[in-house]
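# Tertiary structure, described
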Amino acid sequence: MQYLRTILIALVCCGSLLTAQPGESPLRTFGYFQNQFEHVTGREDGVGPYNSFLMQQLNLFFQKNLARDWSAFVNFELLNSYSSSRQWGGINLEEAWVKYRSSKQFNLKIGLQIPLFNNLNAIKNRTPLLPYIVRPLVYESSFNEDIPLEEYVPQQAFVQVYGFIPSGKIKIEHAVYLGNSPNINNNSNYGQTGVDTTDNFLVGGRLGIRYDELRAGISGTYEKTNFFETLGRFLQLPVSDFRDLPRYRLGSDLSFRSRKLFLEAEYIDVMYEEGLEAYELDKTFYYGTMGWYFSEQLLVYGTYWDIHQNEVIILDTGQLRLYNYREIVQVASAGFSYNLNDRIALKGQYGYVDIQLEIPPAPELSNILDRFDYQVFTCAVSIIF
Amino acid sequence: MHRTIATILGSFLWLSFATGQVAVIANKSVPVDEVTSQQLLDFYTGDVKLWENKDPVIVTDLKPEGEVKALFYEFLGKSPSRMKSIWLKKMLSGEGDPPEALKSESEVLQKVSSTPGAIGFVSEANISDDVKVLTVIPRKD
């Protein structure tokens, strides 16, 4: 009987903790998905031509105002016709955060989140907001196997303070965030997986200005990475030289929109400054898009993307050898986005992709195709539900 | 008889609109007596969510397309479709909800008069003493 009473008291206490707060709202569930058809032709590296239908991305959101100044948000993302039984695609918990809004100058977001970096990073996976089907290279998750996306833009943070300071019609935007370094353990032999095995933080931020529809800013991050430990072992150098290697990212962004004109551009520089003097690993990326609204529903645009990335390759030809090479990817693309209504958008995009590899002269590398190009035709439908 | 009354009423409403006009209205609890178009834009884009007294700003929209809505959005300097895309970005980023779109001006009046911190817009001819008028948007001829 005493137990029963204790349980009842506990339930009443819990109940009182969970009673509705002023400003609390019901749980909202919404999301979007984008299905695409892709035709790739002209690849000289042996791939294609091919046609592919794909459920490119589906995002499912849960949002709730917890109290007047507090809200919570969860974002699940399913990629590439996700199917666990067929081992296709992937499912990610992209965001799970709680936000405290004190004022327009100060918002605090705690939990897994995509940090503000340049113009597109925080909204790169919001396909209904973007006119693109294939996003500018470093923001396109389906390029993950060819382009080390996590090197170019911060993928996640865990604490972020952001807001804006109004000054007349100008708004000065600011954001500062902390997160993991990207060295999250995925090998259970080395302890608990999903845990950052370094003692380092990602630190980053963005400072920008906004004047009506003109927005510009600079972004930067500092973090440490252990990506190149393998390289250190191979070079028979002290591994500690390759552990916690500082990496800097600098970015700048510009976007503008008028009733007819749409412009956006970004530049990203990735620098590794210590420990790898003999090897060039820096990377740059930029893109620029110009579009024209023929009507409020129809945007037609042209865009150009450019990546210069330095990489190392280790070849085993009876004897292990290491080569530093440079890859240049240039994409010229044009497309349109047409909003059928508030919920459905049709998109089309054509892309010409040119890939060049600057490979050091060595007999064992002579069979590598150092330049090839191909064309991509895509169309897609984007749905908000 | 009914047709005559309707015609007179219609003419009166048309004249009211022709001379003026859209009133930006707010609940009597709001701590300001006037707003600029920039302040309104900040409210309607969700950039500013609190009044000076820290009460939340409850924004309402008018669902039917028409001259009243067109004039209001022109005052903000945004087209309705641009505003929708701004709200969509806020919603998909977890930063806020679109304003509640009400079916008629009488619903806007009812909502604004009964909800502390609420703000909306109606034809000047339709305002009542239950709400505070923050500004009147003149019609451009």
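Residues numbered from 1 in each chain as written. Chains lettered and ligands numbered in written order. Predicted model: local features only at pLDDT ≥ 70, side-chain atom pairs only at ≥ 80, totals over all residues. Heavy atoms only, no water.

Each helix and strand counted, chain B has five helices and five strands in total. Split into buried and exposed, the 141 residues of chain B put 48% on the buried side. Residue pairs in contact within chain B that sit at least 24 positions apart in sequence constitute 74% of those at least 6 positions apart. (Helix = DSSP H or I, 4+ residues; strand = E, 2+ residues; numbered from the N terminus. Buried < 20%, exposed > 50% of the residue type's maximum accessible area, 1.4 Å probe, protein only. Contact = heavy atoms within 4.5 Å.)

Here we come to the pattern of salt bridges. Enumeration over the complete set of coordinates arrives at 28 salt bridges over all chains. Residue glutamate 173 of chain A is joined to arginine 206 of chain A by a salt bridge in which the shortest nitrogen-to-oxygen separation is 3.0 Å. Taken together, the positions of glutamate 173 of chain A in strand E7 (residues 170-180) and arginine 206 of chain A in strand E8 (residues 201-211) put the pair 33 residues apart, joining distant regions of the chain. Arginine 206 of chain A carries the same exposure label as glutamate 173 of chain A, and that label is buried. Between aspartate 212 of chain A and lysine 78 of chain B there is a salt bridge, with the nearest N and O atoms lying 2.9 Å from each other. (Salt bridge = Lys/Arg side-chain N within 4 Å of Asp/Glu carboxyl O.)

A few words now on the interface of chain B and chain A. Interfaces are often described in size by the accessible area the parts lose on coming together. Each partner contributes to the interface: chain B provides 27 residues, whereas chain A provides 30 residues. Carbon and sulfur atoms supply 46% of the area that chain B and chain A bury against each other, a total of about 2,400 Å² over both sides. Three residues stand out in chain B for area buried against chain A, namely Asp47, Arg82 and Leu92 of chain B, and they jointly supply 24% of the buried area on that side. Counting the contacts that link chain B with chain A gives ten salt bridges. Taking the shortest distance from any N to any O, the salt bridge between aspartate 342 of chain A and lysine 84 of chain B comes out at 3.3 Å. Remark: the boundary between chain B and chain A carries 15 residue pairs in polar contact (both at pLDDT 80 or more). (Buried area = accessible area lost by both parts, 1.4 Å probe. Polar contact = N/O pair within 3.5 Å; in protein donor to acceptor, adjacent residues only side chain to side chain.)

Moving on, we get to the packing of aromatic side chains. In total, this model carries 20 aromatic pairs over all chains according to the counting rule given. Aromatic pair tyrosine 286 of chain A and tyrosine 304 of chain A: ring centres 6.3 Å apart, planes at 45 degrees, arrangement tilted. Taken together, the residues tyrosine 286 of chain A in strand E12 (residues 283-293) and tyrosine 304 of chain A in strand E13 (residues 298-316) connect sequence positions 18 residues apart. In this structure tyrosine 304 of chain A comes out as partly exposed when scored by relative accessible area, which is 32%. Geometrically, the ring pair formed by phenylalanine 72 of chain B and tyrosine 73 of chain B is edge-to-face, given 5.7 Å between the ring centres and 85 degrees between the ring planes. By relative accessible area, tyrosine 73 of chain B is classed as buried at 1%. Among the aromatic residues, those joined into a cluster by ring pairs are Phe30, Tyr32, Phe61, Phe73 and Trp97 of chain A. If you follow lysine 109 of chain A out to its NZ or CZ, it ends over the ring of tryptophan 97 of chain A, 4.2 Å from the centre. Sitting over the face of the ring of phenylalanine 164 of chain A, arginine 210 of chain A holds its NZ or CZ atom 5.7 Å from the ring centroid. (Phe/Tyr/Trp six-rings, centres within 6.5 Å; stacked < 30°, edge-to-face > 60°. Lys NZ or Arg CZ within 6 Å of the ring centre and 35° of its normal.)

Now for the pairing of strand E9 (residues 214-225) of chain A. All names here are of chain A. The two faces of E9 differ: Arg215, Gly217, Ser219, Thr221, Glu223 and Thr225 on one face are buried, but Leu214, Ala216, Ile218, Gly220, Tyr222 and Lys224 on the other face are not. In terms of strand pairing, E8 meets E9 through nine bridges, oriented antiparallel. Looking at E9, one finds that glycine 208 is bridged to glycine 217. Taken together, E8 and the strand that follows it, E9, pair antiparallel across an intervening segment of two residues, in which aspartate 212 is found at a positive phi of about 55 degrees. In the sheet, E9 pairs with strand E10 (residues 245-257) via twelve bridges, with the strands oriented antiparallel. Across the sheet, residue alanine 216 finds its bridge partner in E10, namely leucine 254. (Pairing = 2+ DSSP bridges.)

So far we have only geometry, and geometry alone does not tell us how the molecule works.
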